[in-house]
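Chains, contacts and geometry: an overview
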Amino acid sequence: MNIAIICHSMSGNTEEVATLIESTHHHRGDHVVRYDADRVGYREARSLASCDLVYFGSYTWADGILPDEMKDTFRLVLKELNVPIRQAAVFGTGDKMFVHFCRAVDEMAYHLSKYGIPLAGELLKIEQSPRNQPFNVQHWAERMAQNVEEGVMHHVDSENQIIVAQTS
Ligand SMILES: Cc1cc2nc3c(=O)[nH]c(=O)nc-3n(C[C@H](O)[C@H](O)[C@H](O)COP(=O)(O)O)c2cc1C
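By convention here, each chain's residues receive numbers from 1 onward along its written sequence. Only residues with pLDDT of at least 70 get local features here, since the model is predicted, and only at 80 or more are side-chain atom pairs given and counted; chain-wide, interface and lining totals rely on the full set of residues. Excluding hydrogens and water, the side-chain figures rest on all heavy atoms present in the structure.

For clarity, the cut-off: UniProt positions are given in the numbering used here, feature names are shortened, and annotations may be inferred rather than shown by experiment.
You'll find the protein entered in an unreviewed UniProt entry as Flavodoxin domain-containing protein, with Exiguobacterium aestuarii given as the organism. What UniProt records for the protein under Cofactor (unreviewed entry) is the sentence "FMN".

**Observations concerning the packing of helix 1 (residues 13-28) against helix 5 (residues 134-150)**
Which entries qualify depends on this criterion: Axis angles are defined between N-to-C directions and span 0 to 180 degrees, where every axis is a line fitted to C-alpha atoms and, for a helix, only to the segment in contact. Helix and strand assignments come from DSSP, with helices taken as H or I runs of at least 4 residues and strands as E runs of at least 2, each series counted from the N terminus. An angle below 35 degrees is treated as roughly parallel, one above 145 as roughly antiparallel, one from 65 to 115 as roughly perpendicular, and anything else as oblique. The crossing is said to be left-handed when, going from far helix to near helix, the turn is anticlockwise and less than a right angle, and right-handed when the turn is clockwise. Contacts are assigned to residue pairs that have any heavy atoms within 4.5 Å of one another. Under the scheme applied, nonpolar residues are Ala, Val, Leu, Ile, Met, Phe, Trp, Tyr, Cys and Pro; charged residues are Asp, Glu, Lys and Arg; polar residues are all the others, including Gly.
At a closest axis distance of 9 Å, the pairing of helix 1 and helix 5 adopts a crossing angle of 50°. As far as their axial angle goes, helix 5 and helix 1 are oblique. As helix 1 runs across helix 5, the sense of the crossing is right-handed. Two secondary-structure elements touch here, helix 1 through Val17, Leu20, Ile21, Thr24, His25 and Arg28 and helix 5 through Pro134, Val137, Gln138, Trp140, Ala141, Glu142, Ala145 and Glu149. Of the residues assigned to the contact of helix 1 with helix 5, the class counts are eight nonpolar, three polar and three charged.

**A look at the pairing of strand 3 (residues 53-59)**
Operational definition: Residue burial is assigned from relative accessible area. The probe radius is 1.4 Å, only protein chains are included, and a residue is buried under 20% of its type maximum, exposed over 50%, and partly exposed in between. One bridge is not enough; two strands pair if DSSP finds at least two bridges between them. Looking down the strands as they point away from you, a crossover is right-handed if its path from the first strand over the helix to the second goes clockwise.
Extensive coverage of strand 3 is indicated by the burial of seven of its seven residues. In strand 3, alternate side chains face the same way, and those of Leu53, Tyr55, Gly57 and Tyr59 on one face and Val54, Phe56 and Ser58 on the other are all buried. Bridge count between strand 1 (residues 2-8) and strand 3: six bridges; the pairing is parallel. Bridge pairing in strand 3 places isoleucine 5 opposite tyrosine 55. Direction of pairing for strand 3 relative to strand 4 (residues 88-94): parallel, over a ladder of six bridges. Residue phenylalanine 56 lies in a different strand from strand 4, and its bridge partner there is valine 90. Once the chain exits strand 3 it traverses helix 3 (residues 68-80) before rejoining the sheet at strand 4, and the crossover so formed is right-handed.

Written out as structure tokens, the structure reads:
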């Protein structure tokens with residue numbers, strides 16, 4: 001499978017999750033490209049159309065905010081270019097001491113759903129570093145890959161609930 005991972009990280013936690021996802025797909029023999037959100041230009045955005053699965057990952061900022069770098073990426077990929085992404089998966093890190101834990105993950109899923117892009121599975125929210133629970137991330141990425149192969153798609157409804165649909 002062709003995989004892309006678009007990630008935005010400031011202090012490295014979300015980057016660590018992206019690295020675990022990348023190595024999980026490498027072990028499966030998949031081809032993986034990885035971009036920092038602030039490095040996604042027209043060429044990188046258009047290339048996502050040829051991927052079987054595109055991951056989007058971000059931390060959550062001040063009171064539940066999705067960072068601007070990731071917002072800009074969604075604006076380019078979805079609104080400006082309307083890239084036909086086949087299936088996406090969304091992950092993020094946050095801190096439970098904040099009221100809106102990992103709210104950026106929900107916002108990314110919302111943007112994708114607005115453009116009709118199906119998710120490969122449930123959203124992944126990790127508290128701080130995944131260092132103490134790498135298997136959670138690895139098993140999640142394996143599930144995403146398996147769902148793509150089996151044609152299992154998920155959609156987020158207006159109340160941010162995940163709806164599962166089997167297409168093949
Ligand atoms: C000023 C500030 C505001 C934050 N606000 C939130 C928040 O609203 N919700 C949340 O879940 N985490 C919040 N966090 C925690 C970060 O999202 C968390 O540390 C994350 O793992 C950082 O990811 P990174 O290492 O990839 O940059 C905040 C952190 C800082 C420093």
